[in-house]
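# Report on the structure
Here is what each chain is made of, one letter per residue.
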Amino acid sequence: MAGFTMSLNLLLLVAMVATNILSLYHLSSTTNFFQSTVKSSQSSVPTVPDHLLRQLHTIRAAINHLTTHQPDKSTSTSTSRAAVSSSSSSTAPKELLIYSKLSPIASACHNYPDLLHEYMNYTPFSLCPSDTDLVEKLILRGCHPLPRRRCFSRTPRNPSDSKPESNVIWSYYSCKSFDCLITKFSDLGFDLSLEKSKSQFSAYKSELDLPISQLLQIAKSANSVLRLGIDVGGGTGSFAAAMKARNVTVLTTTMNFNAPYSEAVAMRGLVPLHVPLQQRLPVFDGVVDLVRCGRAVNRWIPVTVMEFFFFDLDRILRGGGYLWLDRFFSKKVDLENVYAPMIGKLGYKKVKWAVANKADSKHGEVFLTALLQKPVAR
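Residues numbered from 1 in each chain as written. Predicted model: local features only at pLDDT ≥ 70, side-chain atom pairs only at ≥ 80, totals over all residues. Heavy atoms only, no water.

## Some details on the packing of helix H13 (residues 303-316) against helix H14 (residues 332-344)
Interhelical geometry of H13 versus H14 gives an angle of 25° and a closest axis separation of 10 Å. The pairing of H13 with H14 is recorded here as roughly parallel in orientation. In the packing of H13 onto H14, the handedness of the crossing is right-handed. Contacts between H13 and H14 involve Val 303, Met 306, Glu 307 and Phe 310 from the former and Val 338, Tyr 339, Met 342 and Ile 343 from the latter. The residue makeup of the contact of H13 with H14, split by class, is seven nonpolar, no polar and one charged. (Axes fitted to C-alpha atoms, helices over the stretch in contact; angles between N-to-C directions. Helix = DSSP H or I, 4+ residues; strand = E, 2+ residues; numbered from the N terminus. Parallel < 35°, antiparallel > 145°, perpendicular 65-115°, else oblique. Left-handed = near helix turned anticlockwise from the far one by under 90°. Contact = heavy atoms within 4.5 Å. Nonpolar A, V, L, I, M, F, W, Y, C, P; charged D, E, K, R; others polar.)

## Here we look at the state of the cysteines
Applying the stated criterion to the full structure yields one disulfide. A sulfur-sulfur distance of 2.0 Å marks the disulfide that ties Cys 128 to Cys 151. Between Cys 128 and Cys 151 the disulfide shows an S-S torsion of about 90°. By sign, it is right-handed. Here Cys 128, found in the loop between strand E1 (126-127) and helix H7 (132-140), pairs with Cys 151, found in strand E2 (residues 151-152); they are 23 residues apart in sequence, far enough to count as distant. Judged by relative accessible area, Cys 151 falls into the buried class, the value being 11%. (Disulfide = S-S within 2.5 Å. Buried < 20%, exposed > 50% of the residue type's maximum accessible area, 1.4 Å probe, protein only.)

## A few points about the confidence of the model for the protein chain
Residue-level pLDDT values for the protein chain average 77, and 67% of them are 70 or greater. Segment residues 69-89 is flagged for pLDDT under 50; beyond a separation of four residues in sequence, or across chains, it makes six contacts in the model. (pLDDT = per-residue confidence, 0-100.)

## Considering the nonpolar core
In summary, soluble globular proteins display a tendency toward joint burial of nonpolar side chains. If you look at the biggest cluster of nonpolar residues, it comprises 33 residues, and the most contacted ones within it are Ile 230, Val 291, Cys 293, Phe 310 and Leu 323. Residue assignment for this core shows that the elements contributing at least two residues are strand E3 (228-232), strand E6 (288-293), H13, strand E7 (317-331), H14 and strand E9 (365-373). Per element, the largest residue contribution to this core is six residues, and it comes from H13. Dropping the residues within four chain positions of it, Leu 323 is found in contact with Val 291, Cys 293, Leu 313, Leu 317, Leu 346, Tyr 348, Ala 370, Leu 371 and Leu 372. Listed in part, the 18 residues of the second largest apolar core include Leu 226, Val 248, Leu 270 and Tyr 322. (Core = buried A, V, L, I, M, F, W, Y, C linked by side-chain atoms within 4.5 Å.)

## Focus on the packing of aromatic side chains
Scanning all chains against the criterion turns up six aromatic pairs. Between the aromatic rings of Phe 239 and Trp 324, the centroid separation amounts to 5.5 Å while the plane-to-plane angle is 80°, which identifies the pairing as edge-to-face. Of the two residues, Phe 239 sits in helix H11 (residues 238-244) while Trp 324 sits in strand E7, which places them 85 residues apart along the sequence. A residue is classified by how much of its surface remains accessible, and Phe 239, at 1% relative accessible area, is buried. Owing to a relative accessible area of 0%, Trp 324 belongs among the buried residues under this scheme. Relative to Phe 367, the ring of Phe 329 has its centre 5.3 Å away and its plane inclined at 40°; by these criteria the two rings are tilted. Of this pair, Phe 329 sits in strand E7 while Phe 367 sits in strand E9, placing them 38 residues apart in sequence. Looking at Phe 329, the relative accessible area reads 17%, which means it is buried. Phe 367 gets classed as buried once you look at its relative accessible area, which sits at 17%. Here Arg 292 stacks its cationic end above the ring of Phe 239, 5.5 Å away from the centre of that ring. We note Arg 292 situated over the ring of Trp 324; from NZ or CZ to the ring centre the distance is 5.7 Å. (Phe/Tyr/Trp six-rings, centres within 6.5 Å; stacked < 30°, edge-to-face > 60°. Lys NZ or Arg CZ within 6 Å of the ring centre and 35° of its normal.)

## Here we look at the environment of Phe 328
You can see Phe 328 is positioned in strand E7. Placed 34 residues apart in sequence, Phe 328 and Gly 294 show a C-alpha to C-alpha distance of 7.4 Å. Residue contacts for Phe 328: discarding those within four places in its chain leaves Val 297, Asn 298, Arg 299, Met 306, Tyr 339, Val 366, Phe 367 and Leu 368.

## Brief notes about unusual backbone geometry
Most peptide bonds adopt trans geometry, and most residues besides glycine take a negative phi value. In this structure, Phe 125 is a non-glycine residue whose phi angle is positive, near 60°. Considering the arrangement of structural elements, one finds Phe 125 in the loop between helix H6 (113-119) and E1. A positive phi angle, close to 60°, is found at Arg 327, a residue other than glycine. Considering the arrangement of structural elements, one finds Arg 327 in strand E7.

## Quick word on the sheet that holds E3
What links the strands of a sheet is backbone hydrogen bonding, and the strands pair in either a parallel or an antiparallel sense. Spatial ordering of the open sheet is given by E5-E4-E3-E6-E7-E9-E8, a layout of seven strands whose pairing is mixed. The open sheet terminates on both sides in strands that have one partner only, identified here as strand E5 (272-273) and strand E8 (349-357). Judged from the eight bridges that link them, E8 and E9 form a sheet pairing that is antiparallel. For Lys 350, the partnering residue across the bridge sits in E9 and is Leu 372. In the packing of H13 onto the sheet, the strands contacted are E3, E6 and E7, and the crossing angle to E7 comes to about 150°. Seen against the sheet, H14 touches E7, E8 and E9 and runs at an angle of roughly 165° to E7. (Pairing = 2+ DSSP bridges.)

## Points about H7
Three or more residues of H7 are buried, namely Leu 134, Val 135, Glu 136, Leu 138 and Ile 139. Turning to H7, the residues buried within the fold contact H6.

## Some details on the pattern of salt bridges
If you walk through the whole model with that rule in mind, you get 11 salt bridges. Between Arg 327 and Asp 209 there is a salt bridge, and its shortest N-O distance comes to 2.4 Å. Note that Arg 327 is positioned in strand E7 and Asp 209 in the loop between helix H9 (195-198) and helix H10 (212-221), a separation of 118 residues in sequence. Here Arg 327 matches Asp 209 in class, with each residue buried. With its nearest N and O atoms 3.7 Å apart, the salt bridge here joins Asp 314 to Lys 374. You can see Asp 314 sitting in helix H13 and its partner Lys 374 sitting in the segment after E9, a full 60 residues away along the chain. Neither residue differs from the other here; Asp 314 and Lys 374 are each classed as buried. In the salt-bridge network here, residues are joined through shared partners; they are Asp 209, Asp 231, Arg 292, Asp 326 and Arg 327. (Salt bridge = Lys/Arg side-chain N within 4 Å of Asp/Glu carboxyl O.)

Below you can see the structure in the form of structure tokens.
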């Protein structure tokens with residue numbers, strides 16, 4: 001075993017030296033490489049001498065052979081004990097395996113080689129392709145690709161804080177301007193002039209409403225300060241904008257389904273988090289005062305995924321923080337038998353729990369608006 005380790009370490013040292021020599025060769029050719037790239041978009045890296053490639057391939061083959069064909073474990077007492085310990089260890093928790101299938105981060109990339117090949121098909125040292133739709137296809141399949149290494153992100157030619165149209169850089173959507181979005185998607189929040197007059201956050205019109213003024217009053221009465229929040233599926237960022245006016249920072253999770261929601265949020269000076277619902281939120285534990293779940297969180301989410309999602313929200317909420325389900329949509333029977341018990345598992349205090357029938361309901365659909373407070377201590 002000692003001889004095997006020594007041989008492997010020696011080969012690794014040789015491989016490192018050979019790789020460094022190869023890297024030095026590349027660096028010495030950098031000038032020629034950039035010049036050739038400028039001349040032709042089809043240029044490739046400089047040709048590596050055959051003798052260097054042969055040496056590197058030989059070393060790699062030897063390392064692969066040694067790591068694949070290790071000595072018989074039965075000849076080593078310590079290895080035998082380790083094998084016995086390994087065989088007697090418990091298997092991975094079932095819940096963890098389920099979650100790994102529901103929310104695989106990067107590990108699912110190898111299942112979609114065609115999409116990855118298309119994603120990496122670009123001209124080096126030029127502008128990255130405009131392919132938000134392709135990126136979202138990968139994200140929704142659990143593959144979060146690393147940034148492209150050798151292309152530049154697109155920026156508007158004449159950016160302006162006062163003229164949103166000059167900031168438009170998307171090309172995938174049929175609408176190429178905000179005026180078009182307002183006309184085509186009149187009820188999706190792109191018309192900012194209607195927010196004050198028709199915003200559900202400013203006035204109480206039904207028992208399903210929770211105006212921001214009332215929300216702040218509830219928090220004040222409970223001696224709970226609202227400073228940082230997450231708006232899940234926040235559309236164009238209407239809630240985040242309203243809370244920003246009250247000195248509360250709210251991040252908005254977005255996905256560009258048929259329209260550039262992420263760009264619209266960013267152009268308002270807000271922060272869009274480009275994440276799907278099945279992903280673990282990129283927020284530290286116990287730091288958020290408020291999580292609002294808009295209409296993106298509904299019965300269409302698989303039950304198991306939704307349960308993991310709720311407990312991830314519990315992870316990021318601080319003690320005394322609030323979970324706001326805003327117009328959660330489902331069938332009444334499912335709300336009573338599935339979703340209400342699921343929410344009850346959190347052990348939160350019900351500050352508000354309002355259920356109302358859908359106006360044109362044909363199958364017993366209802367809306368739920370609930371404001372729940374996480375226990376201060378457990």
